[in-house]
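Residue-level structural notes
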Amino acid sequence: MRPYFLSVPMLFTYGGIIKNKNIQSETVILKGNRRAKVYSPINLKKSKLPGIYFQHGLNADGIDDRRVIELAENLSHCGFAVVTPELTEIKELRMSLDSINNIESVALELTDQPTWFDGKNFGFFSVSFSSGMGLIACSRTPLADRVSSFMAVGGYCDFLDTFPFVFENYHRDNYGVMILLYNLVDRLDKKLGKELTPVFFEAARDNTYHRTGTDAIAPKLLANVSKSSKDFYNQVVSSAGFRAKLAVDLQNTFPVEYPKAFSPYYQMEGLKTPVSLLHGVADPVISPDESRKLANFFEEKRHKYVFRTSSALTHGDNLPISEQITGVPGLLKTFGSFFDWLKP
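Residues numbered from 1 in each chain as written. Predicted model: local features only at pLDDT ≥ 70, side-chain atom pairs only at ≥ 80, totals over all residues. Heavy atoms only, no water.

This paragraph deals with the side chain of S76. Positionally, S76 belongs in helix 2 (residues 66–77). Discounting residues that sit within four places of it in the chain, S76 has contacts with I23, Y39, S40, P41 and V82. (Helix = DSSP H or I, 4+ residues; strand = E, 2+ residues; numbered from the N terminus. Contact = heavy atoms within 4.5 Å.)

Next up, the structure:
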C-alpha cells in the first residue's frame, strides 16, 4: 500500500483539488550555459530531499512549457527536489544521438553537485522519446550506479517500430509525423528537405500551440515552395496510403544501426535502477505496445519494474477530468512505485 499512499498528493494536484502547492522555483545555470529550473517545497530544505531529474520532451517551449512546469510542481509537492534541465536540441525538436550523451553528462553533473537535493537518492523522470534516450543514458557506467529510480511516461522500446504507428495515427494527432518529417525529410530528397524542413517544423508548432486557420504558420510557408514540394506536403496531409509508403521509405533511408542507436531495447544491459512504466491507453503518437515491450524485456531479465496503462492521459496529457477517473489506479501504482524506490 505504501506506493499508493505516496502518490496520493500527486493525484490531488493532478486533479486540481490542491490549488496552492507551496512550491518555490529558481533558475540555475549548468555547465555549457545550460539553463535549468529547480523546484522544491517552500517549507522543506532541499538538502534533505530526494532529487528528481525531469527531462522535458520534444517541445519548442522546453522547460517553460506549462505542462512541464505543472508536472515539476506536482512532483515536488510529493516531497522532492525537482530539476528540469533544458537541452537545446530537444527544444528545437531535433532528434539527435547527441541528446543521449547530453542527458548522461547533465545527470552526472547534477549528482556530482548535490546542493539541490540530499546527494544520495536520485531519480530520473521523462516522457515520450526523451524517456527512451534517458533509459539508454541511465544504463551507462558510471551513471547507472547513481540512479535510484526511473520513470518513463509514454516511452518506447524500439525506435524503428514507432514509425508505422506514428504515420497510421496521423488523423488522431499529426505531431509525431511532423516531427519525424522535420528531422528526416532531407534523407528522401535534398531539395524537398531544403524547402519543407521549415514547413514541417512550423506544422509541429502549429499542433503544439493549437494554431489553425489564419493563425497557422505552416500553410503560409508552404505558399512559397515549389509545386513538387507543395504536392508532397499535400499528400502527407491528405493520403493515408501515401503516409504508409512514406513510413517505409523513410525507414529505408538509413542503416539499421541508426534506429538501434536510439533504441533502449539494445542498450539496457547496464541498467540497475527499478523502472516504472506508464502509458496512455489511447496514446496516438507512441503505441502503448512500446511500453509493454519494455515490460516484457524487464520480465525476461527479472529486472524490477511496474507497468500500467491508463485512460487518465494521452500523449499530450490534455484529457478532461471526466475521462481520467478510470485511469487513476494506473497513475497511483506507477508514480507511487517511482516515489517508493526513491524515498529511503
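This paragraph deals with the layout of surface pockets. Here the second largest pocket defines a volume of roughly 190 Å³. The wall of the second largest pocket is formed by 14 residues, among which N174, A203, D206, P219 and Y233 lie closest to the centre. At the level of elements, helix 8 (190–208), helix 9 (218–222) and helix 10 (227–238) are the ones that each hand at least two residues to the lining of the second largest pocket. Among the elements that take part in the lining of the second largest pocket, helix 8 stands out by supplying 3 residues, more than any other. (1 Å grid on protein atoms, 1.4 Å probe; cavity = no way out; pocket = protein on both sides within 12 Å on 5 of 7 lines; lining within 4 Å. Points joined across faces, edges and corners; volume = space filled by probe spheres on them.)

Once that is clear, we can look at the nonpolar core. It is characteristic of soluble globular proteins that their nonpolar side chains tend to be buried jointly. Of all hydrophobic cores here, the largest spans 77 residues; its most connected members are Y53, F122, F200, F232 and Y233. A total of 9 residues in this core trace back to one element, the largest contributor, which is helix 7 (residues 175–188). Each residue touching Y53, except ones within four places of it in the same chain, is listed here: V83, P85, I103, V106, A107, L110, W116, F122, G123, F124 and F125. Within the second largest apolar cluster, 20 residues are counted, among which are A72, F80, L331 and L342. (Core = buried A, V, L, I, M, F, W, Y, C linked by side-chain atoms within 4.5 Å. Buried < 20%, exposed > 50% of the residue type's maximum accessible area, 1.4 Å probe, protein only.)

Turning next to the pairing of strand 3 (residues 51–55). The side chains of a regular strand alternate, residue by residue, between the two faces of the sheet. Within strand 3, 5 of the 5 residues are buried, which leaves it mostly tucked inside the rest of the structure. The alternating pattern of strand 3 places G51, Y53 and Q55 on one face and I52 and F54 on the opposite face, and all of these are buried. Bridge count for strand 3 against strand 4 (residues 81–85) is 3 bridges, and the pairing is parallel. The residue bridging I52 from the neighbouring strand is V82, located in strand 4. You can see the chain leave strand 3, run along helix 2 and come back into strand 4, and the turn it takes is right-handed. (Pairing = 2+ DSSP bridges. Right-handed = clockwise from strand over helix to strand, strands pointing away.)

As a further point, take helix 5 (residues 128–137). Each α-helix turn comprises 3.6 residues. Residues three or four places apart therefore point the same way. Of all 10 residues making up helix 5, 10 are buried, and the element is well covered by its neighbours. Among all positions in helix 5, only S128, F129, S130, S131, G132, M133, G134, L135, I136 and A137 are buried.

A complete count under the given rule lists 1 cavity of 30 Å³ or more for this structure. Volume-wise, the largest cavity comes out at about 40 Å³. Lining of the largest cavity is provided by L58, R94, M95, F129, M133, Y156, F159 and F262. Tallied by class, the residues present in the lining of the largest cavity amount to 7 nonpolar, no polar and 1 charged. (Nonpolar A, V, L, I, M, F, W, Y, C, P; charged D, E, K, R; others polar.)

Bringing the packing of aromatic side chains into the picture now. Applying the stated rule across the entire model yields 26 aromatic pairs. Taken together, a centroid distance of 6.3 Å and an interplanar angle of 80° make the contact between W116 and F122 edge-to-face. Residue classification places W116 among the buried positions, given a relative accessible area of 6%. An aromatic cluster of three or more residues is present, and its members are F129, Y156, F159, F163, F254, Y258 and F262. In this structure, R187 is placed above the aromatic ring of Y258, and the distance from its NZ or CZ to the ring centre is 5.5 Å. Note that K260 overlies the ring of Y266, its terminal NZ or CZ placed 5.0 Å from the centroid. (Phe/Tyr/Trp six-rings, centres within 6.5 Å; stacked < 30°, edge-to-face > 60°. Lys NZ or Arg CZ within 6 Å of the ring centre and 35° of its normal.)

Right, let's talk about the environment of S276 for a bit. Structurally, the position occupied by S276 is in strand 7 (residues 275–280). Along the chain, S276 and S291 lie 15 residues apart, while their C-alpha atoms are 9.9 Å from each other. Here S276 is in contact with F150, M151, A152, V306, T334, F335, F338 and W341, once residues within four sequence places are set aside. One polar contact links the side chain of S276 to the main-chain carbonyl oxygen of T334, over a distance of 2.8 Å. (Polar contact = N/O pair within 3.5 Å; in protein donor to acceptor, adjacent residues only side chain to side chain.)

Turning our eyes to something else, we now look at helix 8. The end-to-end C-alpha distance of helix 8, which contains 19 residues, comes to 27 Å, matching closely the 27 Å that a straight helix rising 1.5 Å per residue would cover. All buried positions along helix 8 are accounted for by L192, G193, L196, T197, V199, F200, E202, A203, A204, D206 and T208. Each element contacted by the buried residues of helix 8 is listed here: helix 2, helix 7, helix 9 and helix 10. Taking the backbone nitrogen of K191 as reference, a side-chain oxygen 2.9 Å away marks D189 as the first, capping residue of helix 8. After helix 8 finishes, the residue H210 shows a positive phi value of roughly 55°. (Expected span 1.5 Å × (residues − 1).)

Helix-helix packing: each pair is described by the crossing angle between the helix axes and the interaxial distance. Across the interface, helix 6 (residues 159–168) lies against helix 7 with an axial gap of 9 Å and an inter-helix angle of 125°. Comparing the axis directions of helix 6 and helix 7 gives the class oblique. Here helix 6 runs over helix 7; the crossing is left-handed. In this structure, helix 6 contributes F159, F163, V166 and F167 to the contact, and helix 7 contributes G176, V177, L180 and L184. The class makeup of the residues in the contact of helix 6 with helix 7 is 7 nonpolar, 1 polar and no charged. (Axes fitted to C-alpha atoms, helices over the stretch in contact; angles between N-to-C directions. Parallel < 35°, antiparallel > 145°, perpendicular 65-115°, else oblique. Left-handed = near helix turned anticlockwise from the far one by under 90°.)

So, on to the pattern of salt bridges. Under the counting rule described, the total for this entry stands at 20 salt bridges. Linking K91 and E86 is a salt bridge whose minimum nitrogen-to-oxygen distance equals 3.7 Å. Owing to a relative accessible area of 27%, K91 belongs among the partly exposed residues under this scheme. Among the salt bridges present, the one from D186 reaches K190, with a minimum N-O distance of 4.0 Å. The network of salt bridges with common partners includes R35, K37, D64, E86 and K91. (Salt bridge = Lys/Arg side-chain N within 4 Å of Asp/Glu carboxyl O.)

That is the geometry; function is a separate question.
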